[in-house]
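Here's the letter readout for the chains.
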Amino acid sequence: MLRELFTNGGFTVFTSGHVIGERYRVRSELGEGFGGEVYEVLDLLSGAVLALKIQQPRYLESTNGYGLYGEDARHEFALGTSLGGISGVMTPLDSGNHLGRAYFVMDRVDGFDLGNFVDRAQPVSSVRSAAMLVQLCTVLHQVHSYGFVHRDIKLENALISRRGVVTLIDLGSSVPSGKPPEIPAGTFGYLAPEAVSRGVVETSLDIFSAGCLLFRMLAMEFPFLNETGYAMTRRPLPVDKLVNVDPVVRRVCVAMLEWDPADRPTAAEVRDELSVVLPDASSPVPPRLSHDPLRWWWERLQRQERAPMSS
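Calculation rules
Residues numbered from 1 in each chain as written. Predicted model: local features only at pLDDT ≥ 70, side-chain atom pairs only at ≥ 80, totals over all residues. Heavy atoms only, no water. Salt bridge = Lys/Arg side-chain N within 4 Å of Asp/Glu carboxyl O. Helix = DSSP H or I, 4+ residues; strand = E, 2+ residues; numbered from the N terminus. Buried < 20%, exposed > 50% of the residue type's maximum accessible area, 1.4 Å probe, protein only. Lys, Arg positive; Asp, Glu negative; His and termini not counted. Polar contact = N/O pair within 3.5 Å; in protein donor to acceptor, adjacent residues only side chain to side chain. Contact = heavy atoms within 4.5 Å. Phe/Tyr/Trp six-rings, centres within 6.5 Å; stacked < 30°, edge-to-face > 60°. Axes fitted to C-alpha atoms, helices over the stretch in contact; angles between N-to-C directions. Parallel < 35°, antiparallel > 145°, perpendicular 65-115°, else oblique. Left-handed = near helix turned anticlockwise from the far one by under 90°. Pairing = 2+ DSSP bridges.

A. Spotlight on the pattern of salt bridges. Using the criterion set out here, one finds 16 salt bridges in the structure. Between Glu156 and Arg216 there is a salt bridge, and its shortest N-O distance comes to 4.0 Å. Placement of the pair is Glu156 in the loop between β10 (148-149) and β11 (158-161) and Arg216 in helix α4 (residues 204-219), with a sequence separation of 60 residues. On the accessibility criterion, Arg216 (23% relative accessible area) is partly exposed. The partner of Arg271 in a salt bridge is Asp272, with the nearest N and O atoms 2.9 Å apart. What emerges from the salt-bridge pattern is a single network uniting Arg23, Asp43 and Asp94.

Listed below in C-alpha cells is the structure:
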C-alpha cells in the first residue's frame, strides 16, 4: 500500500488505500475540479467503484475563508441533487466531512473528459463534433429550464463514456439565471464577453462557452483567447479556421459565438440544428469505436426504431 498522504506543492493529496469518511477507500487520483480534488474510490459498504470530490486542503486561507470553500462543495452537492432528474448531469450520492474537508460522492464514468478526446482526435470531425454538441446542449437545455446557468462550460467539464455518452460535471459555479452572481466564474478561452462584467447572468453565457468548445474541437484552437481578466474588446471571429467544416456546423458555431448575447441561439436550437448533420437510420452502421459520440447516436436511433408506435 502506498503511503496514505503526501504533500505536493503545499497541498495534501490522498493516495491509494486512504479511507475517506470511514467508507470510501481511495484507488487513484482522477484530477481536479472546481475547488476540489477528484478520486476514484471503492465504497466499502456496497463494493461499487465511485468518484469522490473533496474540498482542497487548507493552505494559507483564513479559517473563515476556508469555511467558505467548504460551502462551495456543499452548494455543488445540493445543486446536483436538485438536478438529479436530468439525464447527463452527475447526481451526487452521498456527502460528508473528512479531516475538516467537505466531500461528496457520485457515480464513476468509465471514460475521460472531452479535452482528452480532442487530444486523441486532432481535430474532431464535423459529424462527431455535432454529436457531442447535440448531447451537451440537450443537457444544457434542461439545466437552463431548471433556472440555472453553469458558467464554466469547457472541454474538461464534460466526460465521455466508452459508449459515447456525454455527462456534464462541475456544477460548483452554477447560479440562478437572471441574477447577478456574487463572484465571476469561468475559464480563459471560454469566457463570454459579458462574463467579467458581474452583471446579470443569462443562459446565453453558457452558449458562448459551448461555442468556444465547439470551435476548439473543430479548429484545435480557441476563437478568442482573453487572459487579462478584463472584458474582451470586440474583434472578428476567425472563420477562416472553419473552412473545411460542414456548412451547417460552421453556421451554428458562428451563431453561438455572436458578441451580442441576444443574437445567440438557445441550447435547444443548437441541439435541433446540429441534429440534421447526424446520420439517419438508413445510413451505414458507423464503426464501433470506443468513446465515440456517434455510437451514442446510433444506439439512440435503434431504440427509437424498436419502440412500439403510439396509437
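B. A look at unusual backbone geometry. Geometrically, the link from Gln122 to Pro123 is a cis peptide bond, its omega value of -15° lying close to zero. A positive phi angle, near 65°, is found at Met220, a position not held by glycine. Checked against the element boundaries, Met220 lands in the loop between α4 and α5 (247-256). Not every positive phi belongs to a glycine, and His291 is a case in point at roughly 55°. The class for His291 is buried, based on a relative accessible area of 8%.

C. Examining the side chain of Arg151 more closely. Its location among the elements puts Arg151 in the loop between β10 and β11. Notably, Arg151 is buried but unbridged: the nearest opposite-charge side chain belongs to Asp206, and the N-O separation is 7.5 Å. At 2.8 Å, the side chain of Arg151 and the backbone oxygen of Ser173 are in polar contact. Apart from residues lying up to four places away in sequence, Arg151 is in contact with Ser173, Val175, Pro181, Ile183, Pro184, Ala185, Gly186, Val201, Leu205 and Asp206.

D. Up close: the packing of aromatic side chains. Taken as a whole and judged by the stated rule, the model has seven aromatic pairs. Between Phe14 and Tyr39, the aromatic rings sit 5.8 Å apart at their centres with planes inclined by 65°, giving edge-to-face as the arrangement. Of this pair, Phe14 sits in strand β2 (residues 11-14) while Tyr39 sits in strand β5 (residues 36-43); the two residues are 25 residues apart in sequence, bridging distant segments of the chain. Look at Phe14 and you get buried, because its relative accessible area is 2%.

E. Spatial organisation of the packing of α4 against α5. For the pair α4 and α5, the least separation of the axes is 8 Å and the interaxial angle reads 140°. In this view, α4 runs oblique relative to α5, as classed from their interaxial angle. For the element pair α4 and α5, the recorded crossing hand is left-handed. Here Ile207, Phe208, Ala210, Gly211, Leu214, Phe215 and Leu218 of α4 come into contact with α5, specifically with Val249, Cys253 and Met256.

F. Looking closely at the sheet that holds β11. Reading across from one edge, β9-β11-β12 is the order of the three strands in this open sheet, with antiparallel pairing throughout. The outermost strands of the open sheet, each flanked by one partner alone, are β9 (111-113) and β12 (166-168). Going from strand to strand, the sheet's axes swing by 25° on average, the running direction of each strand aside. Helix α2 (residues 114-121) contacts β9 and β11 of the sheet and is inclined by roughly 90° relative to β9. In the packing of helix α3 (residues 126-145) onto the sheet, contacts are made with β11 and β12, and the angle to β12 comes to roughly 35°.

G. Highlighting the side chain of Lys53. Position of Lys53 among the secondary structure elements: in strand β6 (residues 49-55). Of the residues examined, Lys53 reaches a relative accessible area of 4% and is grouped as buried. A polar side-chain atom of Lys53 sits 2.8 Å from a polar atom in the side chain of Asp170.

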